[in-house]
There are 2 protein chains.
Amino acid sequence: MDLYAGKINRLIEELSSLPGIGTKSAGRLAFYLINEPEDRVKRFTDAILDARANIHYCRECYTLTDEEVCPICSNPRRDHGTIMVVENTRDLAAYEKTDKYEGVYHVLHGAISPMLGIGPGDIKLKELMHRLAGDVQEVIIATNSSLEGETTAMYLSKLIKPTGIRCSRIASGVPVGGDLENIDEVTLLRALEGRTEL
Amino acid sequence: MDLYAGKINRLIEELSSLPGIGTKSAGRLAFYLINEPEDRVKRFTDAILDARANIHYCRECYTLTDEEVCPICSNPRRDHGTIMVVENTRDLAAYEKTDKYEGVYHVLHGAISPMLGIGPGDIKLKELMHRLAGDVQEVIIATNSSLEGETTAMYLSKLIKPTGIRCSRIASGVPVGGDLENIDEVTLLRALEGRTEL
């Protein structure tokens, strides 16, 4: 039997289809929303619909933006000759938070994954190669340090090499502040391989 | 500086104001929603608005329902002379899931908490006392086994005693399948106090 009124059940179902939200959290969220003031709930759903309707890819770097060209690409003080390639907009934001990187970005929206059937044609690779026809000095590959990220980095470096443009990969190793005993062996070996002279 | 487009930031802010959703989860949810098909997102926000607009208290037991009287209160096969008092609709649903309880409910929508400034007048106690004027044989107090739940149970039992209606409290003890070594001392002592003869 249905435990709640139909409309509550429907809401719980919708909420629990979100990533990382189980049935229990969905129930808690549903009752929270039902008990909030009507205008607050409206503001919430408006924010969702507004973002969904007005967010699209930047014409240059393919990050998600509500302008035609994102604020980074349209900033003349950024170094447009250096392109950092990331898997998604959240990775871009992670580097922006450092406040140190002065180049621009290219967002692939995914990574090559033979397991999931995601090939080079399914991510914004063609678009990147198109940008490289312009005045670009360096491409920094900052895809994740996962199997998919590494595969994508490898594939990408092979595409870029013939163009003569410098191509680099962000370092992989022990995180700052990381305690060696808590770090997995693959990372430890990576850190060893990537050691630099002092 | 703002890491994302204004509309994304606004959505993340709204999402992270939900209970149990931190900034990281909010970011993940925001990008998930932005990338979902527009009609799917519309269905999601409609479910929220529809539930918010059409869910209200049952006239009898004050559970949340989309009908005037909830399906439990309007079911003639339930025992309307036995009322189980719970703190909220989710607690009601937990007992309904057992499929064994045949009485009806009364939902308080909270519990007395001097710490939070929630007094007897802030929960549906008056409404319960009003129901007790009818033909009621027993009130089963099933508020939570927390400080607030126990305070409410105590207060309630003192109100009910003079009416001559039987008043009981659900048992508190070791959960079924619970491993003694993982159970807190208060529960262990409760289980000891509440021991029954074999």
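Overview of the structure.

Here we come to the relation of the copies chain A and chain B. Take chain A, turn it by 180 degrees, move it 0.1 Å along the axis, and it overlays chain B with an RMSD of 0.1 Å. Taken together, the rotation and translation describe the operation of a two-fold axis. When C-alpha positions in chain A are compared against the rotation axis, the closest is assigned to A:Thr45, at 2.7 Å. Here 100% of the interface residues in chain A have copies in chain B that are interface residues too; the copies meet face to matching face.

Moving on, we get to the sheet that holds strand E5 (residues 138-141) of chain A. Backbone-to-backbone hydrogen bonds join strands into a sheet, with any given pair of strands oriented parallel or antiparallel. Residue and element names in this part refer to chain A. With respect to topology, four strands assemble into an open sheet ordered E4-E3-E5-E6, the strand pairing being parallel. At either margin of the open sheet sits one strand with a lone partner, and together these are strand E4 (103-107) and strand E6 (166-169). Across the sheet, the mean angle from the axis of one strand to that of its neighbour is 25 degrees, orientation sign disregarded. By the bridge criterion, four bridges tie strand E3 (residues 79-86) to E5 in an arrangement that is parallel. Bridge pairing in E5 links Thr82 to Glu138. Sheet contacts for helix H6 (residues 147-160): E3, E5 and E6; angle to E6, the most-contacted strand, approximately 170 degrees.

This part is about the interface of chain A and chain B. Taken together, the contact pairs 50 residues of chain A with 50 residues of chain B. Of all residues in chain A, A:Lys7, A:Arg52 and A:Arg90 bury the most surface against chain B, accounting for 14% of the area lost on that side. The tally of links between chain A and chain B comes to eight salt bridges. Ionic pairing is found between A:Asp50 and B:Lys7, a salt bridge with its closest N-O pair at 3.3 Å. The tally of links from chain A across to chain B stands at 15 residue pairs in polar contact (both at pLDDT 80 or more). Of all the elements in the fold, those that place two or more residues in the side of chain A that touches chain B are helix H1 (6-16), helix H2 (23-35), helix H3 (38-54), strand E2 (64-65) and helix H4 (89-97) of chain A. When residues in the side of chain A that touches chain B are grouped by element, the largest group, 16 residues, is from H3(A). Tallied by class, residues from the side of chain A that touches chain B come to 26 nonpolar, eight polar and 16 charged.

Another aspect to go through is the nonpolar core. Membership of the largest hydrophobic core comes to 44 residues, with the highest contact counts inside it found for A:Ile8, A:Leu11, A:Leu15, B:Ile8, B:Leu11 and B:Leu15. Those elements giving two or more residues to this core turn out to be H1, H2 and H3 of chain A together with helix H1 (6-16), helix H2 (23-35) and helix H3 (38-54) of chain B. Non-local contacts of A:Leu15, meaning those with residues more than four positions away in its chain, are made with A:Ile21, A:Ala26, A:Leu29, A:Ala30, A:Leu33 and B:Phe44.

Turning our attention to the sheet that holds strand E6 (residues 166-169) of chain B. Residue and element names in this part refer to chain B. One open sheet accounts for four strands, arranged E4-E3-E5-E6; its pairing is parallel. Unpaired on one side and paired on the other, strand E4 (103-107) and E6 mark the two borders of the sheet. Shown here is a sheet whose adjacent strand axes are inclined to one another by a mean of 25 degrees, direction ignored. Two strands pair when backbone bridges link them, and strand E5 (residues 138-141) and E6 are joined in this way by four bridges, in the parallel orientation. Looking at the pairing, Val139 lines up with Cys167 of E6. Along the sheet face, helix H4 (residues 89-98) touches strand E3 (79-86) and E4 and points at about 160 degrees away from the line of E4.

Further remarks concern empty space enclosed by the protein. Leftover empty space is mapped by rolling, across the atoms, a probe with the size of a water molecule. Taken as a whole, this structure holds one cavity of 30 Å³ or more when the rule is applied. Of the voids in this model, the largest cavity is the one considered here, and its volume is about 40 Å³. In terms of lining, the largest cavity is formed by A:Leu15, A:Leu18, A:Leu29, A:Phe44, B:Leu15, B:Leu18, B:Ile21, B:Leu29 and B:Phe44. Grouping the constituent residues of the lining of the largest cavity by class yields nine nonpolar, no polar and no charged.

Criteria and thresholds
- Residues numbered from 1 in each chain as written.
- Chains lettered and ligands numbered in written order.
- Predicted model: local features only at pLDDT ≥ 70, side-chain atom pairs only at ≥ 80, totals over all residues.
- Heavy atoms only, no water.
- Least-squares fit on C-alpha atoms with pLDDT ≥ 70 in both.
- Contact = heavy atoms within 4.5 Å.
- Pairing = 2+ DSSP bridges.
- Helix = DSSP H or I, 4+ residues; strand = E, 2+ residues; numbered from the N terminus.
- Axes fitted to C-alpha atoms, helices over the stretch in contact; angles between N-to-C directions.
- Buried area = accessible area lost by both parts, 1.4 Å probe.
- Salt bridge = Lys/Arg side-chain N within 4 Å of Asp/Glu carboxyl O.
- Polar contact = N/O pair within 3.5 Å; in protein donor to acceptor, adjacent residues only side chain to side chain.
- Nonpolar A, V, L, I, M, F, W, Y, C, P; charged D, E, K, R; others polar.
- Core = buried A, V, L, I, M, F, W, Y, C linked by side-chain atoms within 4.5 Å.
- Buried < 20%, exposed > 50% of the residue type's maximum accessible area, 1.4 Å probe, protein only.
- 1 Å grid on protein atoms, 1.4 Å probe; cavity = no way out; pocket = protein on both sides within 12 Å on 5 of 7 lines; lining within 4 Å.
- Points joined across faces, edges and corners; volume = space filled by probe spheres on them.

In short, the description is geometric, and any link to function would need to be established separately.
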